[in-house]
Amino acid sequence: MRSHSIAEFDGKDGMNWQVVNDGVMGGLSEGKLTPNPAGTMMFSGMLSLENNGGFSTFRSSDLKLDLSSDLGLRLRVKGDGRTYQVRLATDALFRGMEVSFAAEFATMKGEWSEVKVPFADFKGSFRGLDLPKERLDTSKVRRVSILIGDKKQAPFAVELDFIRTYGATAPKG
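Rules and cut-offs
Residues numbered from 1 in each chain as written. Predicted model: local features only at pLDDT ≥ 70, side-chain atom pairs only at ≥ 80, totals over all residues. Heavy atoms only, no water. Salt bridge = Lys/Arg side-chain N within 4 Å of Asp/Glu carboxyl O. Helix = DSSP H or I, 4+ residues; strand = E, 2+ residues; numbered from the N terminus. Buried < 20%, exposed > 50% of the residue type's maximum accessible area, 1.4 Å probe, protein only. Pairing = 2+ DSSP bridges. pLDDT = per-residue confidence, 0-100. Core = buried A, V, L, I, M, F, W, Y, C linked by side-chain atoms within 4.5 Å. Contact = heavy atoms within 4.5 Å.

Undergrad: Would you explain the pattern of salt bridges in this entry?
TA: Close approach of charged atoms lets side chains of opposite charge pair. Following the criterion strictly, the structure yields 10 salt bridges and no others. A salt bridge links Lys78 to Glu159; the nearest nitrogen and oxygen atoms lie 3.9 Å apart. In this pair, Lys78 sits in strand β6 (residues 72–78) while Glu159 sits in strand β13 (residues 154–166), placing the two residues 81 residues apart along the sequence. One salt bridge connects Asp91 with Lys140, and the closest N-O pair in it is separated by 3.5 Å. You can see Asp91 sitting in strand β7 (residues 83–94) and its partner Lys140 sitting in the loop between β11 (129–130) and β12 (143–148), a full 49 residues away along the chain. A relative accessible area of 42% places Asp91 in the partly exposed class. Taken together, the salt bridges that share partners define one network made up of Asp62, Glu98, Arg142 and Arg143.

Undergrad: Explain the sheet that holds strand β8 (residues 97–106) to me, please; I cannot follow it from the model alone.
TA: Strands pair in a sheet through their backbones, by hydrogen bonds, and they do so in one of two ways: parallel or antiparallel. With antiparallel pairing, 7 strands are arranged side by side in an open sheet as β2-β5-β12-β7-β8-β10-β11. A strand with exactly one partner marks an edge of an open sheet, and here the two such strands are β2 (18–21) and β11. Here 9 bridges tie β7 to β8, and the two strands are oriented antiparallel to one another. When the bridges of β8 are listed, Arg87 appears paired with Ala102.

Undergrad: Is there a simple way to think about the confidence of the model for the protein in this case?
TA: Where the model shows low pLDDT, its predicted coordinates should not be examined in detail. When the pLDDT values of the protein are averaged, the result is 92; 95% of them are 70 or greater. Per-residue pLDDT, averaged within each element of the protein, yields its smallest value for β11 (90) and its largest for β6 (98).

Undergrad: Can you help me understand the pairing of β12 in this one?
TA: Both faces of the sheet carry side chains from a regular strand, because those side chains alternate between them. By the criterion of burial, β12 is predominantly enclosed, with 6 of the 6 residues buried. Residues of β12 alternate between two faces, with Arg143, Ser145 and Leu147 on one and Val144, Ile146 and Ile148 on the opposite face, all of them buried. With 4 bridges connecting them, strand β5 (residues 56–59) and β12 associate as antiparallel partners. Counterpart to Phe58 in the pairing with β12 is Ile146.

Undergrad: Just checking my understanding: could you explain unusual backbone geometry for this structure?
TA: Leave glycine aside and you will find that most residues have negative phi; peptide bonds, for their part, are mostly trans. Phi at Asn51 takes a positive value of approximately 55 degrees, unusual for a residue other than glycine. By the element assignment, Asn51 lies in the loop between β4 (40–47) and β5. The partly exposed category is assigned to Asn51, whose relative accessible area is 47%.

Undergrad: Explanation requested: the nonpolar core in the structure shown.
TA: Grouped burial of nonpolar side chains is what soluble globular proteins tend to show. By size, the foremost hydrophobic cluster in this structure holds 39 residues, and its most contacted members are Leu73, Leu75, Phe105, Phe122 and Ile146. Counting residues per element, this core draws most heavily on β7, at 5 residues. Discounting residues that sit within four places of it in the chain, Leu73 has contacts with Ile6, Val86, Leu88, Val115, Lys116, Val117, Phe119, Phe122, Ile163, Arg164, Thr165 and Tyr166.

And the structure:
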């Protein structure tokens, strides 16, 4: 199966990951990233619904990826049983601001699993406003993010091994 690596979380991919919590809008959620010596990344913290909050995310530095020959994303994760979102940003704008394309994936508590997220499942939105007419242009991916925002005030933790694409099997000779 064809695959393209986006992040291996081994510290060698050159990514500069940044955590953004709901404090940008007055919320009290706290998330943090912790690299593990085994070459994985732990995203953990406390989701708070206080002050109209309720999300924590981490995102990549600026990218220039053409994923148009792939079918979706494949992530290897060990979670807490909660549902997370993987988000992609392109050059799409709404009122001059970046549109976010998101799709959900579930985790199994304490177990490693590989999840596939088809590009067809990604839906456009802007700060919680659904934008059903927006379409993900996989030839212009500028950023990838992981977000927790499931409206459950509780600790969260998901460990990530990699984010890769998947595609159809390459044709034989």
